[in-house]
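Examination of the molecular architecture
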Amino acid sequence: MTKFGQAEFADFITETFVKNRLEKLLAENEKTSLNSRNTEDIYKKFPSSKDVV
């Protein structure tokens, strides 16, 4: 196992945390984006109240 100095260890921890957090945020963003697109697709099929009047 390699030995870390304080600076290398801090960089390693920061990089690991950022990668993990970024992956979670991107996954959540994809789900939200997909839900928004699905909702928009569903409501496109119905006439809006502006079109009815």
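Residues numbered from 1 in each chain as written. Predicted model: local features only at pLDDT ≥ 70, side-chain atom pairs only at ≥ 80, totals over all residues. Heavy atoms only, no water.

A word on the overall build of the protein
Rule in force here: Put simply, DSSP H or I for four residues or longer makes a helix, DSSP E for two residues or longer makes a strand, and each gets a number counted from the N terminus. Classification of residues uses two cut-offs on accessible area relative to the type maximum, computed with a 1.4 Å probe and protein chains only: under 20% is buried, over 50% is exposed, and between them is partly exposed. Calculation of accessible area relied on Shrake-Rupley with a 1.4 Å probe; when residues are assessed, cover is drawn exclusively from the protein chains displayed.
Looking only at helices and strands, the protein has two helices and zero strands in total. Considering the protein as a whole, with its 53 residues, one finds that 0% of them fall into the buried category. Per element, the accessible surface of the protein, about 5,500 Å² overall, is 59% carbon and sulfur.

A short note on a nonpolar patch on the surface
Here is the rule: Surface patches are drawn from residues lacking salt bridges whose relative accessible area is over 30%; two like charges belong together within 9 Å, two nonpolar side chains (Val, Leu, Ile, Met, Phe, Trp, Tyr) within 5 Å. In the sections that follow, a salt bridge refers to a side-chain nitrogen of Lys or Arg positioned within 4 Å of a carboxyl oxygen of Asp or Glu.
Judged by side-chain polarity, F17, V18, L22 and L26 come together as a nonpolar surface patch covering roughly 400 Å² of accessible area. Here L26 lies in helix α1 (residues 6-44). Owing to a relative accessible area of 47%, L26 belongs among the partly exposed residues under this scheme.

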